Amino acid sequence: MKKYILIIIFILFIIGCDNDFYKNIKDIKNPNDTLVLVNKNNKLKNDFIPDNLVKLDLNYSHAEKYLKEEAALEFYKLSEEAKKLNYRIVAVSGYRSYTYQEKLFEYYVETKGMNYTLMCSAKPGHSEHQTGLAIDVEGSNLDYNLFEKSKEFEWMKKNAHKYGFILRYPKGKENITGFKYEPWHYRYVGKEVATIIYNNKLTFEEYHKKFVK
Ligand SMILES: [Zn+2]
């Protein structure tokens, strides 16, 4: 327990030290692009709703969730392939509207305080869940918070990129992504880019710096 508290304090320290987060914020010009970068410095408009949102088939989602069609179809393939090994990978969160993100952020601030909230929840407009390209998943241990402990996580680490998904907030990269390690959160970027990111152990921020800007 003590170890976890120290880790959380350390992460808060790292994130707190980086003065660039939520400063010099740019408005996103290409919100429907598969490679759109949404983070603490790049913001989506309040009224942005992605094109081609589809309701996820309940074989791949535990409730009514939405993703952009391209991401949804690849997620189905990923989940099917995992199923062949008796693994269960289903969506617990997909597209979130600006308003929903606003409520979620406020809820975290009220219940957990501002420091914790800034580390684990994005301010409205800064969550890539609003793009319809981000997904939170759950494995056979039925708790997305414990996804890291599931057998599915090991499989996802090695295979998600083959379907165009990346682990968006890796461990030890909190000072680059601005978010704590999230083993359950994946972002669809397409197979080609996901493979480059996987092979070079990059974050999406580093990929953008190296290949997009
Ligand atoms: Zn997420």
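See the structure above.
Residues numbered from 1 in each chain as written. Predicted model: local features only at pLDDT ≥ 70, side-chain atom pairs only at ≥ 80, totals over all residues. Heavy atoms only, no water.

Draft legend 1. Geometry of the sheet that holds strand S6 (residues 134-138). Read across the open sheet, the four strands follow the order S5-S6-S8-S7; overall the sheet is antiparallel. Lying at the two open borders of the sheet, with one neighbouring strand each, are strand S5 (90-93) and strand S7 (165-167). Within this sheet the neighbouring strands show an average axis-to-axis angle of 45°, counted without direction. Bridge analysis of S7 against strand S8 (residues 185-188) gives three bridges, and the strand direction is antiparallel. Paired with leucine 167 across the bridge in S8 is tyrosine 186. (Pairing = 2+ DSSP bridges. Helix = DSSP H or I, 4+ residues; strand = E, 2+ residues; numbered from the N terminus. Axes fitted to C-alpha atoms, helices over the stretch in contact; angles between N-to-C directions.)

Draft legend 2. The arrangement of the packing of aromatic side chains in detail. Enumeration over the complete set of coordinates arrives at eleven aromatic pairs. Consider the rings of phenylalanine 147 and phenylalanine 153, whose centres lie 5.8 Å apart with planes at 75°: the pair is edge-to-face. Members of the aromatic cluster, connected to one another through ring pairs, are Phe75, Phe165 and Tyr188. A cation over an aromatic ring shows up here: lysine 40 above the ring of phenylalanine 21, its NZ or CZ 5.5 Å from the ring centre. (Phe/Tyr/Trp six-rings, centres within 6.5 Å; stacked < 30°, edge-to-face > 60°. Lys NZ or Arg CZ within 6 Å of the ring centre and 35° of its normal.)

Draft legend 3. Inspection of the coordination of the zinc ion at higher detail. Coordination of the zinc ion by the protein is provided by His129 (NE2), Asp136 (OD), Asp136 (OD) and His185 (ND1), with metal-donor distances spanning 2.1 to 2.8 Å. Each of the four donor atoms around the zinc ion contributes to a set of angles spanning 52 to 149°, which defines the coordination as irregular. Here the donor residues of the zinc ion are spaced in sequence according to H-x6-D-x48-H. Here histidine 185 lies in strand S8 and histidine 129 lies in the loop between helix H4 (114-120) and S6, a separation of 56 residues in the sequence. Residue class for histidine 185 comes out buried when judged on its relative accessible area of 3%. (Donors = N, O, S within 2.8 Å, 3.2 Å for Na, K, Ca; no water. Tetrahedral: all angles 85-135°; square planar, octahedral: opposite > 155°, others 65-115°. Buried < 20%, exposed > 50% of the residue type's maximum accessible area, 1.4 Å probe, protein only.)

Draft legend 4. Expanded view of helix H7 (residues 191-199). Where H7 is concerned, the buried positions are Val193, Ala194 and Ile197. The buried residues of H7 all sit within an arc of 100° when viewed along its axis, so they share a single face. Counted as exposed and oriented over 90 degrees from the buried face of H7: Glu192 and Asn199. Lysine 201 lies just past H7 and shows a positive phi near 50°. (Arc of directions from axis to C-beta.)

Draft legend 5. Main features of the pattern of salt bridges. Applying the stated criterion across every chain, the model contains twelve salt bridges. The partner of arginine 168 in a salt bridge is glutamate 128, and the shortest N-O contact between them spans 3.1 Å. Taken together, the residues arginine 168 in the loop between S7 and helix H6 (174-177) and glutamate 128 in the loop between H4 and S6 connect sequence positions 40 residues apart. Owing to a relative accessible area of 1%, glutamate 128 belongs among the buried residues under this scheme. A salt bridge links arginine 187 to glutamate 128; the nearest nitrogen and oxygen atoms lie 2.9 Å apart. (Salt bridge = Lys/Arg side-chain N within 4 Å of Asp/Glu carboxyl O.)

Draft legend 6. A look at the environment of glutamate 128. Separated by 34 residues in sequence, glutamate 128 and glycine 94 place their C-alpha atoms 9.6 Å apart. Leave out the neighbours within four places in its chain, and glutamate 128 touches Val38, Leu133, Ala134, Arg168, Tyr169, His185 and Arg187. Within the structure, glutamate 128 has its side chain in polar contact with the side chain of arginine 168 (distance 3.1 Å). (Contact = heavy atoms within 4.5 Å. Polar contact = N/O pair within 3.5 Å; in protein donor to acceptor, adjacent residues only side chain to side chain.)

Draft legend 7. Fine view of the side chain of histidine 129. Of the residues examined, histidine 129 reaches a relative accessible area of 3% and is grouped as buried. Only 2.8 Å separates the side chain of histidine 129 from the backbone oxygen of glycine 94, close enough to count as a polar contact. When neighbours within four sequence positions are excluded, histidine 129 is seen to be in contact with Ser93, Gly94, Tyr95, Arg96, Ala134, Ile135, Asp136 and His185.

Draft legend 8. Geometry of the packing of H7 against helix H8 (residues 204-212). Between H7 and H8, the least distance of the axes is 10 Å, while the angle of their chain directions is 105°. The orientation of H7 relative to H8 falls into the category roughly perpendicular. Across the interface between the two elements, Val193, Ile196 and Ile197 from H7 touch Phe204, Tyr207 and Phe211 from H8. Here the residues of the contact of H7 with H8 sort into six nonpolar, no polar and no charged. (Parallel < 35°, antiparallel > 145°, perpendicular 65-115°, else oblique. Nonpolar A, V, L, I, M, F, W, Y, C, P; charged D, E, K, R; others polar.)

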